[in-house]
Amino acid sequence: MMDYVSIVRTNHRLQRAATRLRNINREINEYYWGYRVTPEIIDLRNLALTASLIVDCAIRRQESRGLHYTLDAPDKLPVARPSVLHNW
């Protein structure tokens with residue numbers, strides 16, 4: 001994730017991360033259904049799923065937002081939007 005899905009992103013690196021995560025998720029799934037399930041394999045599965053969701057969302061977002069900047073749309077300035085978390 002640090003290598004491909006950092007604060008500064010490109011479509012190429014995001015696609016590469018998605019491909020690698022598909023392979024990782026496939027291997028985890030094979031292990032999950034073929035061997036004894038342990039808390040560690042469940043944690044690994046959950047981490048890989050979370051990483052996949054982050055990458056999928058980043059691929060769909062075409063503009064820079066907040067701290068995350070995409071080099072593939074340099075003409076679009078980052079958009080600061082209020083977060084619901086700031087209302088606590």
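Residues numbered from 1 in each chain as written. Predicted model: local features only at pLDDT ≥ 70, side-chain atom pairs only at ≥ 80, totals over all residues. Heavy atoms only, no water.

Peer 1: Before we go on, may I ask you to explain the nonpolar core in this structure?
Peer 2: Among the nonpolar cores identified, the biggest contains 9 residues, and these are Tyr4, Val5, Leu14, Ala17, Ala18, Leu21, Ala51, Val55 and Ala58. Of all the secondary-structure elements, those providing two or more residues to this core are helix H1 (11-34) and helix H2 (39-60). Looking at this core element by element, the count peaks at 4 residues for H1. Apart from the residues within four sequence positions on either side, Val5 is in contact with Leu14, Ala17, Ile54 and Val55. (Core = buried A, V, L, I, M, F, W, Y, C linked by side-chain atoms within 4.5 Å. Buried < 20%, exposed > 50% of the residue type's maximum accessible area, 1.4 Å probe, protein only. Helix = DSSP H or I, 4+ residues; strand = E, 2+ residues; numbered from the N terminus. Contact = heavy atoms within 4.5 Å.)

Peer 1: Honestly, a nonpolar patch on the surface in this entry has me stumped. Any pointers?
Peer 2: A cluster of nonpolar side chains, contributed by Ile7, Val8 and Leu71, occupies part of the molecular surface with about 240 Å² of accessible area. Relative to the assigned elements, Leu71 resides in the segment after strand S2 (69-70). You can call Leu71 partly exposed: its relative accessible area is 45%. (Patch = residues over 30% accessible without salt bridge, like charges linked within 9 Å, V, L, I, M, F, W, Y side chains within 5 Å. Areas by Shrake-Rupley, 256 points an atom, 1.4 Å probe, with all protein chains shown as cover. Salt bridge = Lys/Arg side-chain N within 4 Å of Asp/Glu carboxyl O.)

Peer 1: Hey, could you run me through the packing of aromatic side chains in this one?
Peer 2: The description of two aromatic rings rests on the distance between their centres and on the angle between their planes. Under the definition given, this model contains 2 aromatic pairs. Measuring from ring centre to ring centre gives 4.6 Å for Tyr31 and Tyr35, while their planes differ by 25°; the resulting arrangement is stacked. Its relative accessible area of 38% is what places Tyr31 among the partly exposed residues. Aromatic pair Tyr32 and Trp33: ring centres 5.1 Å apart, planes at 80°, arrangement edge-to-face. The class of Tyr32 is buried, set by a relative accessible area of 18%. (Phe/Tyr/Trp six-rings, centres within 6.5 Å; stacked < 30°, edge-to-face > 60°.)

Peer 1: What should I look at first to understand the packing of H1 against H2 in this one?
Peer 2: Any two packed helices are characterised by how steeply their axes cross, that is the angle between the axes, and by the distance between the axes. One way to put it is that H1 packs onto H2 with a least axis distance of 9 Å and a crossing angle of 155°. When the axes of H1 and H2 are compared, the pair comes out roughly antiparallel. Crossing handedness for the pair H1 and H2: left-handed. Residues Leu14, Gln15, Ala17, Ala18, Leu21, Ile24, Asn25, Ile28, Tyr31 and Tyr32 of H1 pack against Ile41, Ile42, Leu44, Arg45, Ala48, Leu49, Ala51, Ser52, Val55, Ala58 and Ile59 of H2. Grouping the constituent residues of the contact of H1 with H2 by class yields 17 nonpolar, 3 polar and 1 charged. (Axes fitted to C-alpha atoms, helices over the stretch in contact; angles between N-to-C directions. Parallel < 35°, antiparallel > 145°, perpendicular 65-115°, else oblique. Left-handed = near helix turned anticlockwise from the far one by under 90°. Nonpolar A, V, L, I, M, F, W, Y, C, P; charged D, E, K, R; others polar.)

Peer 1: Looking at this structure, I do not really get H2. What am I missing?
Peer 2: Three- or four-residue spacings in an α-helix give side chains the same orientation, since the helix completes a turn every 3.6 residues. Its 22 residues give H2 an end-to-end C-alpha distance of 32 Å, which sits within 8% of 32 Å, the value for a rise of 1.5 Å per residue. For H2, every residue scored as buried is listed here: Ile41, Ala48, Ala51, Ser52, Val55 and Ala58. The buried residues of H2 occupy an angular sector of 130° when projected down its axis, which confines them to one face. Looking at H2, the residues exposed on the side facing more than 90 degrees away from the buried face are Pro39, Cys57 and Arg60. The elements touched by buried residues of H2 are strand S1 (8-9) and H1. (Expected span 1.5 Å × (residues − 1). Arc of directions from axis to C-beta.)

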